[in-house]
Amino acid sequence: MIRKLTFAAALLAATALAGAANAKTFVYCSEASPEGFDPGLYTGGNTFDASAHPVYNRLLEFKKGTTEVEPGLAESYEVSDDGLQYTFKLRQGVKFQTTDFFTPTREFNADDVIFSFERPWKEDNPWHKYVEGASWEYFAGMGMPELLDKIEKVDDHTVRFTLKRKEAPFLANVAMPFASILSKEYADKLQADGKMNQMNQMPLGTGPFTFVGYQQDAVIRYKANPDYWGGKQPIDDLVFAITTDAAVRYQKLKAGECHLMPYPNAADVASMKADPSLKISEQEGLNVAYLAYNATQAPFDKVEVRKALNMAINKQAIVDAVFQGAATPAKNPIPPTMWSYNDAIEDDKYDPEAAKAALEAAGVKDLSMKVWAMPVARPYMLNARRAAELIQSDFDKIGVKVEIVSYEWAEYLDKSKAKDRDGAVILGWTGDNGDPDNFLDTLLGCDAVGGNNRAQWCNKEFDDLVTKAKEASDQAERTKLYEEAQVVFKREAPWATLDHSLAIVPMRKEVQGFVQSPLGDFTFDGVDLAE
Amino acid sequence: MLRFLLRRLAVLIPTFIGVSIIAFSFIRMLPGDPVALLSGERVMSPERHAEISHQLGFDRPIVIQYLDYLWGVLRGDFGTSISTKGSVLEQFLQLFPATLELSICAIIVAIVLGIPAGIFAAIKRGSFFDQSVMGAALVGYSMPIFWWGLLLIILFSGILQWTPVSGRISLMFFFPQVTGFMLIDSLLSGQEGAFKSAVSHLILPTIVLATIPLAVIARQTRSAMLEVLGEDYVRTARAKGLSPFRVVGVHALRNAMIPVITTIGLQVGVLMAGAILTETIFSWPGIGKWMVDSVFRRDYPVIQGGLLIIAGIIMLVNLVVDLLYGLINPRIRH
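Worth saying up front: this structure is predicted, and the values here are computed from it rather than measured.

As a further point, take the overall build of chain A. A tally of helices and strands in chain A yields 18 helices and 19 strands. Taking 2.2 N^0.38 as the reference for a compact globule, 531 residues should give roughly 24 Å; the C-alpha atoms of chain A span a radius of gyration of 24 Å, in line with that estimate. Dimensions of chain A, computed from the C-alpha atoms along their principal axes, are close to 75 × 55 × 40 Å. Per-residue burial for chain A yields a buried fraction of 50% across its 531 residues. In chain A, the share of contacts with a sequence separation of at least 24, taken over all contacts with a separation of at least 6, comes to 70%.

Below you can see the structure in the form of structure tokens.
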């Protein structure tokens, strides 16, 4: 049946394409296949680019080009005085997409919101296990099951969420891809027809683009949603041409086979800038790369030792060698694009002599240590092996011998969590929702020791500040607390902060209206092609 | 002949079980945990980890897991992908035609060019032609596929703009998948220019994938021919005054073909291995790329399912090759 439906979809699209000879088609050379089309089930950014962003909306959305939230399917919201109740007023007149596989009979309402949140949350919901192995990883990872107390429909256009504890980042969570709003009517129909799997193959939402078809590992097609509440799109068709290799993506871009590509090779950027048919958008990514000491193991349990090592690292050299300048040295654990970034903090100055003296003063002699280098390139660290070699030679200058170790990626992530891990680990983080809590508490909180807290560092002063900031709902107050937390972090130096990378997006000259997201998403709402 | 066939089939069963044990156990020996990978760099709590492992059945004894898997395979159930949550068999069937189409084109190119090149090199042994063919074969055999593919793309797609960079067909064309073979589907679609577009997309990946088998077949044909050409019966045939064409084409070639056919049969494995890299460079949506992605994700059901099906196919191809020997050389039948 699915095959028949796809067939019908294809025929329809083919006729539509033939009919509109001048249709504007925007082609995006995406870097990987989506895991599926139900954004609740997955964690991969490329999966969200193909599902959550084009097809769906959320109650709140991230304002284009920022990490601030703005109204989406909810027109407004109110927070109760105790900070536990969030009441969302829903937008009226929002239509779900009409496709050849489903025609909605009603507009978006509170039932859709409740359905979308109960699905990952309530184990007795028929959709909780609708695909084998559904684990709702992001919903769980952001702590939603422990946070939510109840969700009620006040009326057709009002929904109230009650939380178990105060948590300001909740609003940012609601804007994340996993919190996309699905159509309950569509879900009910699929359930009645015994075709629940289709939810993950043929998505249907309220977003700017309507899903047309997916040819596995090759092409995804969408067309502009004519009923979109945010207005009609300037382009008619959106196509994702899945192209895994960065060098090949660049060749396709040059040949005009696609209009925009993610993640270029650092080595290609210079020639891209020189190409008159291309242009480049650059933005500091919402990320950080770090070298995490193990603060529970001697001699790294001493602040003085960590500080001394930090002074020995020439970060600028790493940025130059690894990123060819497409990054900035990091002084704080959160990136400069994030609110509450404390720019008043001074970085440990690169000074091998002082570092050597400090190490001696701390009573450390003939130190030899391991530095872990990630085996893969991530946006925040393109070549960890190279960075580790530079750190090795930096440390050598102050008499510290470094052995570089590496493991296969899955093993690396796993082994580096161990509390008794030997050595300092190069790793990094890309923000999920633009909230400082998502860096400071997630990566450095006491609860995260043995997990995301690779420094195994638990500092009461820091932890109290971060916890207090999480519970405060006033942004100014939160900002102050996070600024203080960064001061404590710098003083205690559980990490050597290495860099924040620039996200570089090459595109063809004719592309207009593309706004880079600091969250690393690729969204094509509002994108146009000049004639 | 029937007994020969039955005997060969009987060997296949233990081989298949052996492969399934290797596929099942080796993947689990790889470090890295598929459950932890579900959450990426974000660390999963131990309770959640245990819960998901239980859901996936990873907390059971490995022998039970294996028997359960084997029972599923016997009923045609190859399990569900951990990362995409889709059926392994369905995904395989959807992607395999792309790999098959590319592999068939590549092996045809390799045979059509490789055998004549080997024959002529043997006849003109020591000539300039012989030396260039063997030199080219050595280069082709040693060339890293990834580098070779990229080089061709930059030259033919980038600079000369003769061929498209990657993919199976231009994005302009959009028609339903009927057979999964783009050359056939593009003809069936009746859309003008679709077939041409499909062919132009096939050229570079076919060259890249054919390179190694072509080199191997040419070298094998040459050495087999040289051996046969020195045999007494060839000399007798020449002495009888037969035309050189008959001597080489009928008397020598038929006997020289036996090791060549073996080699061609073995190239199926080489093609599958080469397809992995070729598909990655040319964004070719086949099983090679699918398998590689699954290894990185430690997607056990996909890796073991994919390995088993591919191994099954290679075994069948080798069976067919064995039967072909029987046709060419009746002595082998007994």
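Here the focus is helix H12 (residues 287-297) of chain B. For an α-helix, the turn length of 3.6 residues means that residues three or four places apart are oriented alike. Inspection of H12 of chain B places Ile287, Gly288, Lys289, Trp290, Met291, Ser294 and Arg297 of chain B among the buried residues, and these make up the whole buried set. Buried residues along H12 of chain B sit against helix H2 (34-37), helix H5 (88-123), helix H11 (244-281) and helix H13 (300-328) of chain B.

With 45 residues of chain B at the contact, the number on the chain A side is 50 residues. Taken together, the elements giving at least two residues each to the side of chain B that touches chain A come down to H2, helix H3 (46-56), H5, helix H7 (145-159), H11 and H12 of chain B. With five residues, the single largest contributor to the side of chain B that touches chain A is H7 of chain B.

Residue and element names in this part refer to chain B. Split into domains, chain B comes out as domain 1 (1-75) and domain 2 (95-332). Spacing between the C-alpha centres of domain 1 and domain 2 amounts to 31 Å. At the level of secondary structure, the elements contributing two or more residues to the side of domain 1 that touches domain 2 comprise helix H1 (2-29) and H2. Examining the composition of the side of domain 1 that touches domain 2, we find that eleven residues originate from one element, H1, more than from any other. Broken down by class, the residue content of the side of domain 1 that touches domain 2 amounts to 13 nonpolar, three polar and two charged.

Attention now moves to the domain arrangement of chain A. Residue and element names in this part refer to chain A. With domains assigned, chain A is organised as domain 1 (25-264 + 509-529) and domain 2 (287-503). The C-alpha-based centres of domain 1 and domain 2 are spaced at 33 Å. The interface is formed by 16 residues belonging to domain 1 together with 17 residues belonging to domain 2. Its residues assigned to classes, the side of domain 1 that touches domain 2 comprises nine nonpolar, five polar and two charged.

Another point: the UniProt feature "transmembrane region" (unreviewed entry) in chain B. Residue and element names in this part refer to chain B. Per the UniProt record, the feature "transmembrane region" (unreviewed entry) sits at residues 9-30, 100-123, 135-162, 198-218, 256-282 and 302-328. Here residues 135-162 runs as 82% helix and 0% strand, with 27 Å between its end C-alpha atoms. Helix makes up 100% of residues 302-328 and strand 0%, and the two end C-alpha atoms of the span are 39 Å apart.

So, on to the packing of helix H10 (residues 232-239) of chain B against H11 of chain B. Residues and elements named next belong to chain B. At their nearest, the axes of H10 and H11 sit 10 Å apart, and the two run at 150 degrees to each other. The pairing of H10 with H11 is recorded here as roughly antiparallel in orientation. For the pair H10 and H11, the crossing hand works out as right-handed. Residue-level contacts link Tyr233, Val234, Ala237 and Arg238 of H10 to Val247, His251 and Ala252 of H11. The residue inventory of the contact of H10 with H11, partitioned by class, reads five nonpolar, one polar and one charged.

Now for the UniProt feature "domain: ABC transmembrane type-1" (unreviewed entry) in chain B. Mapped onto this numbering, the UniProt entry gives "domain: ABC transmembrane type-1" (unreviewed entry) at residues 96-325 of chain B. Measuring from the first to the last C-alpha atom of residues 96-325 of chain B gives 28 Å, for a span that is 80% helix and 0% strand.

A word on the UniProt feature "domain: Solute-binding protein family" (unreviewed entry) in chain A. In the numbering used here, UniProt assigns the "domain: Solute-binding protein family" (unreviewed entry) feature to residues 68-448 of chain A. Strand forms 21% of residues 68-448 of chain A and helix 28%; the C-alpha atoms that close the span are 26 Å apart.

Turning our attention to unusual backbone geometry. Cis geometry marks the peptide bond from Ala298 of chain A to Pro299 of chain A; its omega dihedral reads -5 degrees. Here Pro299 of chain A lies in the loop between strand E12 (287-292) and helix H11 (303-312). Positive phi, normally seen in glycine, also occurs at Gln456 of chain A, with a value near 50 degrees. Its location among the elements puts Gln456 of chain A in the loop between helix H16 (437-444) and helix H17 (460-471). Positive phi is not limited to glycine here, since Ser283 of chain B has a value of about 45 degrees. For Ser283 of chain B, a count of 24 C-beta atoms within 10 Å translates into the label buried.

Hydrogen bonds along the backbone pair up the strands of a sheet, which may run parallel or antiparallel. Residues and elements named next belong to chain A. A sheet is described by the order of its strands in space; here four strands give the open sequence E1-E10-E9-E8, paired in mixed fashion. The outermost strands of the open sheet, each flanked by one partner alone, are strand E1 (25-28) and strand E8 (209-215). For this sheet the average axis-to-axis angle between neighbouring strands, irrespective of direction, equals 20 degrees.

What follows deals with helix H9 (residues 246-254) of chain A. H9 of chain A sits mainly inside the fold: seven of its nine residues count as buried. Buried within H9 of chain A are the following residues: Val248, Arg249, Tyr250, Gln251, Lys252, Leu253 and Lys254 of chain A. Looking at the buried residues of H9 of chain A, the elements they touch are strand E11 (278-284) and strand E17 (495-508) of chain A together with H7 and H11 of chain B. Two residues or fewer after H9 of chain A comes Gly256 of chain A, characterised by a positive phi angle close to 80 degrees.

Residue and element names in this part refer to chain B. Of all residues in chain B, 98% have pLDDT values of 70 or greater, and the mean over the chain is 88. Predicted confidence in chain B is weakest over H2, with a mean pLDDT of 80, and strongest over helix H9 (residues 194-229), with 94. This complex was scored by the predictor with a pTM of 0.85 and an ipTM of 0.81.

Within the secondary structure, Val159 of chain A sits in strand E7 (residues 158-163). For the pair Val159 of chain A and Phe117 of chain A, spaced 42 residues apart in the sequence, the C-alpha separation amounts to 11 Å.

So, about the sheet that holds strand E6 (residues 148-155) of chain A. Residue and element names in this part refer to chain A. The strand order across the open sheet formed by four strands is E4-E5-E7-E6, and the pairing between neighbours is antiparallel. In this open sheet, the two strands that pair with only one neighbour each are strand E4 (74-79) and E6. Between one strand axis and the next, the sheet turns by 20 degrees as a mean value, whatever way the strands run. Pairing between E6 and E7: six bridges, direction antiparallel. Each residue of the ladder has a partner; that of Glu152, found in E7, is Arg160. Its contacts with the sheet put helix H4 (residues 110-121) on strand E5 (85-90), E6 and E7, and the angle it makes with E6 is roughly 165 degrees.

Here the focus is the packing of helix H8 (residues 182-189) of chain B against H9 of chain B. Residues and elements named next belong to chain B. Running from N to C, H8 and H9 cross one another at 165 degrees; their axes reach a closest spacing of 8 Å. By the angle class used here, H8 and H9 are roughly antiparallel. For the element pair H8 and H9, the recorded crossing hand is right-handed. Note on element contacts: H9 touches H8 through Ala194, Phe195, Ala198 and Val199, opposite Met182, Leu183, Ser186, Leu187 and Ser189. Partitioning the contact of H8 with H9 into residue classes produces seven nonpolar, two polar and no charged.

The rules behind the values
Residues numbered from 1 in each chain as written. Chains lettered and ligands numbered in written order. Predicted model: local features only at pLDDT ≥ 70, side-chain atom pairs only at ≥ 80, totals over all residues. Helix = DSSP H or I, 4+ residues; strand = E, 2+ residues; numbered from the N terminus. Rg over C-alpha atoms; globule rule 2.2 N^0.38 Å. Buried ≥ 20, exposed ≤ 12 C-beta atoms within 10 Å, placed from the backbone. Contact = placed C-beta atoms within 7 Å. Domains from an automatic or database assignment. Nonpolar A, V, L, I, M, F, W, Y, C, P; charged D, E, K, R; others polar. UniProt positions renumbered as here; feature names shortened; annotations may be inferred. Axes fitted to C-alpha atoms, helices over the stretch in contact; angles between N-to-C directions. Parallel < 35°, antiparallel > 145°, perpendicular 65-115°, else oblique. Left-handed = near helix turned anticlockwise from the far one by under 90°. Pairing = 2+ DSSP bridges. pLDDT = per-residue confidence, 0-100.

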